[in-house]
Amino acid sequence: MSKNIIKTITIACLGVLVFLLGWLIIKKPNEGNKINLSSINKLSISKPEKQLSQKIYLPQHKFEDYPALEKFTGPIPKLDFSTCAYGKQFLTITKEWVAQGLNFAGHYVFAYWRYGSNYYMSSVVDLKNGQSICRP
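Cut-offs applied
- Residues numbered from 1 in each chain as written.
- Predicted model: local features only at pLDDT ≥ 70, side-chain atom pairs only at ≥ 80, totals over all residues.
- Heavy atoms only, no water.
- Helix = DSSP H or I, 4+ residues; strand = E, 2+ residues; numbered from the N terminus.
- Buried < 20%, exposed > 50% of the residue type's maximum accessible area, 1.4 Å probe, protein only.
- Areas by Shrake-Rupley, 256 points an atom, 1.4 Å probe, with all protein chains shown as cover.
- Disulfide = S-S within 2.5 Å.

## With respect to the overall build of the protein chain
- The number of helices and strands found in the protein chain is 4 helices and 3 strands.
- Overall, the protein chain shows an N-to-C arrangement of helices and strands of α-α-α-α-β-β-β.
- Among the 136 residues that make up the protein chain, the fraction classed as buried is 17%.
- Counting every atom, the protein chain has about 11900 Å² of accessible surface; 62% of that belongs to carbon and sulfur.

Below is the structure:
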């Protein structure tokens, strides 16, 4: 058999398979498997915004209560990604955070960014030596 005939038969078989699977999943309403739409309308879908606004988080401690003993004021060194496997992929965003200045424990920059639809990544840069430590 030629390749075109085999390809045509394969596509036809896949089409029949998809049709049968669709028919099994969505059964015909006249066969007694009707979907009760009134029960679907009664379902309540909770919105995350409402859940978050109802719960108020009051932290017991604040960063201001524990200031760093000394703040780094030297020049910003060259960034070192030797301990960070994926750090060079996010070089631009890390540099932007470093340019804003230190924001953690006197000589660190804690940088974070959104990666994908619902995933955040972060890295910590030590401004004393430029070493970047990446964390998911």
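## Let's talk about the state of the cysteines
- Under the criterion given, the structure shown has 1 disulfide.
- Two residues, Cys84 and Cys134, share a disulfide whose sulfurs are 1.4 Å apart. What sets the handedness of the Cys84 and Cys134 disulfide is the S-S torsion sign, and at about -90° it is left-handed. Here Cys84, found in the loop between helix H3 (48-54) and helix H4 (91-100), pairs with Cys134, found in strand E3 (residues 132-135); they are 50 residues apart in sequence, far enough to count as distant. In terms of burial, Cys84 and Cys134 fall into one category: buried.

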